[in-house]
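# Structural overview for review
Now for the letters of each chain:
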Amino acid sequence: SAGYRSATLSKVVAAATILEVGYDLVLLDVDVALYRDPRPFLAERAARLALDLQFQLNFPRKDLNTGVYYARSTPAARRLMFMWATYNGTSDDQASLYALIRHECSFDARYYVPDKAKMSGSANLSVWACRGQPVAIESLPVIAFRTGHHE
């Protein structure tokens with residue numbers, strides 16, 4: 001519905017505004033439960049790997065989950081968030097992000113980065129060019145950021 005689309009896209013506008021004023025952010029949907037504060041892990045990992053955004057996967061699919069992500073206030077993250085907030089996409093925030101990446105970004109390179117954190121698993125780092133500007137996005141290790149969905 002239009003109300004649902006508006007509600008989900010308002011999260012993106014709020015996140016873009018927070019990044020624009022210089023703060024990093026962790027965005028969690030209301031149905032997410034945490035066992036401990038993820039910010040130290042996310043911030044250290046993002047700084048070490050020079051990441052702009054980190055998303056949970058909708059495992060076992062390899063779709064980015066817009067209900068769990070960390071964004072640093074980098075020029076690339078701010079640019080992508082502004083593009084996402086103003087993109088006339090489809091039904092909700094997640095579908096709009098997919099449409100934005102599909103239509104406005106190109107896959108520059110994809111390479112494996114060893115996960116040097118103390119958790120098992122591996123990191124997937126993708127570098128995209130969105131309207132000609134690179135943005136580094138990581139899908140978070142499934143072992144540490146699992147969804148409640150099981151197929």
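Computed from a predicted model, the values in this text were never measured in an experiment. (Residues numbered from 1 in each chain as written. Predicted model: local features only at pLDDT ≥ 70, side-chain atom pairs only at ≥ 80, totals over all residues. Heavy atoms only, no water.)

### Points about the overall build of the protein chain
What the protein chain contains, in helices and strands, is four helices and six strands. Secondary structure elements of the protein chain, listed N to C terminal, follow the sequence α-β-α-β-β-α-α-β-β-β. In the protein chain, buried positions account for 44% of the 151 residues. Put simply, of all contacts in the protein chain between residues at least 6 apart along the chain, 58% involve residues at least 24 apart. Here the protein chain displays about 8,400 Å² of accessible surface, and carbon together with sulfur accounts for 56% of that area. (Helix = DSSP H or I, 4+ residues; strand = E, 2+ residues; numbered from the N terminus. Buried < 20%, exposed > 50% of the residue type's maximum accessible area, 1.4 Å probe, protein only. Contact = heavy atoms within 4.5 Å. Areas by Shrake-Rupley, 256 points an atom, 1.4 Å probe, with all protein chains shown as cover.)

### Some points on helix H1 (residues 2-20)
For H1, with 19 residues, the first-to-last C-alpha span of 26 Å sits near the 27 Å given by 1.5 Å per residue. Restricting attention to buried positions, one finds in H1 the residues Thr 8, Leu 9, Val 12, Ala 15, Ala 16 and Leu 19. Within H1, the buried residues cover an arc of 100 degrees as seen down the axis, which keeps them to one side. Where the residues of H1 are buried, they touch strand S1 (25-28), strand S3 (64-71), helix H3 (75-86) and helix H4 (93-104). Gly 22 sits one or two residues past H1 and shows a positive phi near 105 degrees. (Expected span 1.5 Å × (residues − 1). Arc of directions from axis to C-beta.)

### A word on the state of the cysteines
Here is the idea: a disulfide is a covalent bond, and it sits between the sulfur atoms of two cysteines. Enumeration according to the criterion identifies one disulfide in this entry. Here Cys 105 connects covalently by a disulfide to Cys 130, the sulfurs 2.1 Å from one another. Every disulfide takes its handedness from the sign of the S-S torsion; for Cys 105 and Cys 130 that torsion is 110 degrees, giving right-handed. In this pair, Cys 105 is assigned in strand S4 (residues 105-113) and Cys 130 in strand S5 (residues 123-130), connecting sequence segments 25 residues apart. (Disulfide = S-S within 2.5 Å.)

### Observations regarding the environment of Leu 42
Its location among the elements puts Leu 42 in helix H2 (residues 39-49). When its relative accessible area of 3% is taken as the criterion, Leu 42 is described as buried. Taking the C-alpha atoms as reference, Leu 42 lies 9.0 Å from Leu 140; in sequence the two are 98 residues apart.

### Looking at the packing of aromatic side chains
Summed over all chains, the structure comprises two aromatic pairs. When the ring of Phe 55 is compared with that of Tyr 69, the centres are 5.0 Å apart and the planes differ by 35 degrees; the resulting orientation is tilted. Highlighted residues: Phe 55 in strand S2 (residues 53-57) and Tyr 69 in strand S3, separated in sequence by 14 residues. Here Tyr 69 and Trp 84 contribute two aromatic rings whose centre-to-centre distance is 5.9 Å and whose plane-to-plane angle is 45 degrees, an arrangement assigned as tilted. Of the two residues, Tyr 69 is situated in strand S3 and Trp 84 in helix H3; the sequence distance between them amounts to 15 residues. Overall, the relative accessible area of 2% leaves Tyr 69 in the buried class. Look at Trp 84 and you get buried, because its relative accessible area is 1%. Taken together, Phe 55, Tyr 69 and Trp 84 form an aromatic cluster joined through their ring pairs. (Phe/Tyr/Trp six-rings, centres within 6.5 Å; stacked < 30°, edge-to-face > 60°.)

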